[in-house]
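Structural overview
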Amino acid sequence: MDYLEKITAFRKLLHANPEASEKEVVTRKLIKEFLEENTQNLEIVDKGRWLYGFHNEGADETYLFRADFDAILSEDGQCYHGCGHDGHTAILAGLAIKLDKEKLGRNIVYLFQHAEENAAGAIECTEIFKEKKIDYAFALHGHVGMPLGTAGIHEEVVCCASEGMLIHLKGIQSHASTPEKGINPAYLMAELALFLRPLCDFDGFVPMTWQGENYNNMIMATIVYQRLGELAFGVSPSTADMGLTLRAYNEKEMTLLQEKVENFIKEGAEKQGLEFSFTYLDIFPETRNNRDLVGRVKALWEKENLPFIEKHYPHRGSEDFGHLAKYVPSCYFELGLGIDSPPLHNVGFEFKDEVIADGLAFFEVIARKGV
Ligand SMILES: [Zn+2]
Ligand SMILES: [Zn+2]
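Definitions and limits used
- Residues numbered from 1 in each chain as written.
- Chains lettered and ligands numbered in written order.
- Predicted model: local features only at pLDDT ≥ 70, side-chain atom pairs only at ≥ 80, totals over all residues.
- Helix = DSSP H or I, 4+ residues; strand = E, 2+ residues; numbered from the N terminus.
- Contact = placed C-beta atoms within 7 Å.
- Axes fitted to C-alpha atoms, helices over the stretch in contact; angles between N-to-C directions.
- Parallel < 35°, antiparallel > 145°, perpendicular 65-115°, else oblique.
- Left-handed = near helix turned anticlockwise from the far one by under 90°.
- Buried ≥ 20, exposed ≤ 12 C-beta atoms within 10 Å, placed from the backbone.
- Pairing = 2+ DSSP bridges.
- Core = buried A, V, L, I, M, F, W, Y, C linked by C-beta atoms within 7 Å.
- Expected span 1.5 Å × (residues − 1).

A short note on the overall build of the protein chain
For the protein chain, the helix and strand inventory stands at ten helices and 20 strands. Over its C-alpha atoms, taken along the principal directions, the protein chain stretches across nearly 80 × 40 × 40 Å. Partitioning the intrachain contacts of the protein chain with sequence separation of at least 6 by distance along the chain shows that 77% fall at a separation of at least 24.

Concerning the packing of helix α2 (residues 25-38) against helix α3 (residues 85-98)
It is the contact of α2 with α3, at a shortest axis distance of 10 Å, that shows an interaxial angle of 25 degrees. Here α3 runs roughly parallel to α2, going by the angle between their axes. Where α2 crosses over α3, the handedness of that crossing is right-handed. Across the interface between the two elements, I31, F34, L35 and N38 from α2 touch T89, A93, A96 and I97 from α3.

Remarks on the pairing of strand β20 (residues 330-336)
Counting buried residues along β20, seven of its seven residues qualify, which places the element largely inside the surrounding structure. Covered by surrounding structure in β20 are S330, Y332, E334 and G336 together with C331, F333 and L335, the residues of both alternating faces. With seven bridges connecting them, strand β7 (residues 136-143) and β20 associate as parallel partners. Across the sheet, G142 pairs through a bridge with L335, a residue of β20. Both strand β8 (residues 151-154) and β20 contribute to a ladder of three bridges, which runs antiparallel. The residue bridging I153 from the neighbouring strand is F333, located in β20.

Concerning the nonpolar core
Counting 90 residues, the largest nonpolar core has F65, A93, L95, Y110 and F112 as its most contacted members. Each residue touching L95, except ones within four places of it in the same chain, is listed here: F65, Y110, L360, F363, E364 and A367.

Remarks on the sheet that holds β7
Here we have eight strands laid out as an open sheet, ordered β1-β2-β6-β3-β7-β20-β8-β19, and mixed in their pairing. This sheet does not close on itself; its edge strands, each paired only once, are β1 (43-46) and β19 (308-311). The sheet shows a mean angle of 25 degrees between the axes of neighbouring strands, taken without regard to direction. When strand β3 (residues 62-68) meets strand β6 (residues 107-113), the two strands line up parallel, connected through seven bridges.

A closer look at the sheet that holds strand β10 (residues 161-170)
Across the sheet, four strands lie side by side as β14-β16-β10-β17; this open sheet has antiparallel pairing. Edge positions in the sheet fall to β14 (219-228) and β17 (275-284), since each of these pairs with one other strand and no more. Neighbouring strand axes in the sheet, compared pairwise and without regard to direction, differ in orientation by 20 degrees on average. Pairing between β10 and strand β16 (residues 239-248): ten bridges, direction antiparallel. Paired with L166 across the two strands is G243, which belongs to β16.

Here we look at the environment of L256
Checked against the element boundaries, L256 lands in helix α7 (residues 251-272). Of the residues examined, L256 has 14 C-beta atoms within 10 Å and is grouped as partly exposed. Put simply, L256 and G58 are 198 residues apart on the chain and 45 Å apart in space, counted from C-alpha to C-alpha.

With respect to helix α10 (residues 356-369)
Its 14 residues give α10 an end-to-end C-alpha distance of 20 Å, which sits within 8% of 20 Å, the value for a rise of 1.5 Å per residue. Looking one or two residues beyond α10, the residue adopting positive phi is G370, at roughly 80 degrees.

Quick word on unusual backbone geometry
A positive phi angle, close to 45 degrees, is found at A115, a residue other than glycine. Relative to the assigned elements, A115 resides in the loop between β6 and α4 (121-125). The backbone of H345 shows a phi angle near 75 degrees, a positive value even though the residue is not glycine. Since 15 C-beta atoms lie within 10 Å of it, H345 is described here as partly exposed.

Thoughts on the pairing of β6
Within β6, seven of the seven residues are buried, which leaves it mostly tucked inside the rest of the structure. With burial as the criterion, each face of β6 is covered, one bearing N107, V109, L111 and Q113 and the other bearing I108, Y110 and F112.

Worth remembering: the numbers are spatial, not functional.
Here's what the structure looks like:
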């Protein structure tokens, strides 16, 4: 089996063993075994939930390359690699194997990260910055809608910040025939839905105004979940939960949006005599590239005749690589999976083995030539 066949077979093996975020036991074992079998010099460090390989030349400079390895659930609850993280991991393992016996003039950390989908992974992996002095971080993500094997690169914001906000409301239960004796949270829920209604329109990444406040760029709120009382026609209910996904081009405006929503609930709840609380989940920072580093990466790719497209608008979706990108200048890019394939998270999606060699080439030139 040649090198590329081996990496492709490994991608298929990961694909056949998908595990959801924070449940990646077999996946981690498979990565570790694959690296152990195919490298001689790599130091493999198992961190329990994630792992990394260290190509140690005792050099002054250290680059970090990251791949995520969790899978997602389909509509019918089946776990599958619907975001292509099997491909990312195969590419990174392939890089570690390829460079194992070489002198690059720099050290490399190959970071294999768990739990990207729920934003729990990268923040844990920031521990790496305490263990190693790292200069730059790199990552790629497969992307449908671009030619096969082409990179897409953003100068600054690649992915928006987002967070899940769960709002709990509690009033007073009463008989459905005497609703005036209770406090039903349904009305505040409805008011909140109308309050947020303008934030489910997307007019592009442009300045916007909402509730008398100017925002430099897009803010968005999506109602993802609502629960009120029970299906009991004799009861005017007392409890309600509402789940929102808040999203913003930049984190500062996310904070402002969050405050606005919190204040609206606070004022409404106090007026109506409801108790309230908030829980925040799946907190993704913005993923921001370093403009200077991106410039140097592009120059390098150009020189090596590697095909890339400059991207001018970020993704509305989020990526937890943003946590790592806060520590060192970083470059996160897309790898084209073709124009018409099923999109990410679609049940028909599967990573394209044809682009493994391309993904490797984009990383490899950075690792070899340096930026
Ligand atoms: Zn995903
Ligand atoms: Zn993904």
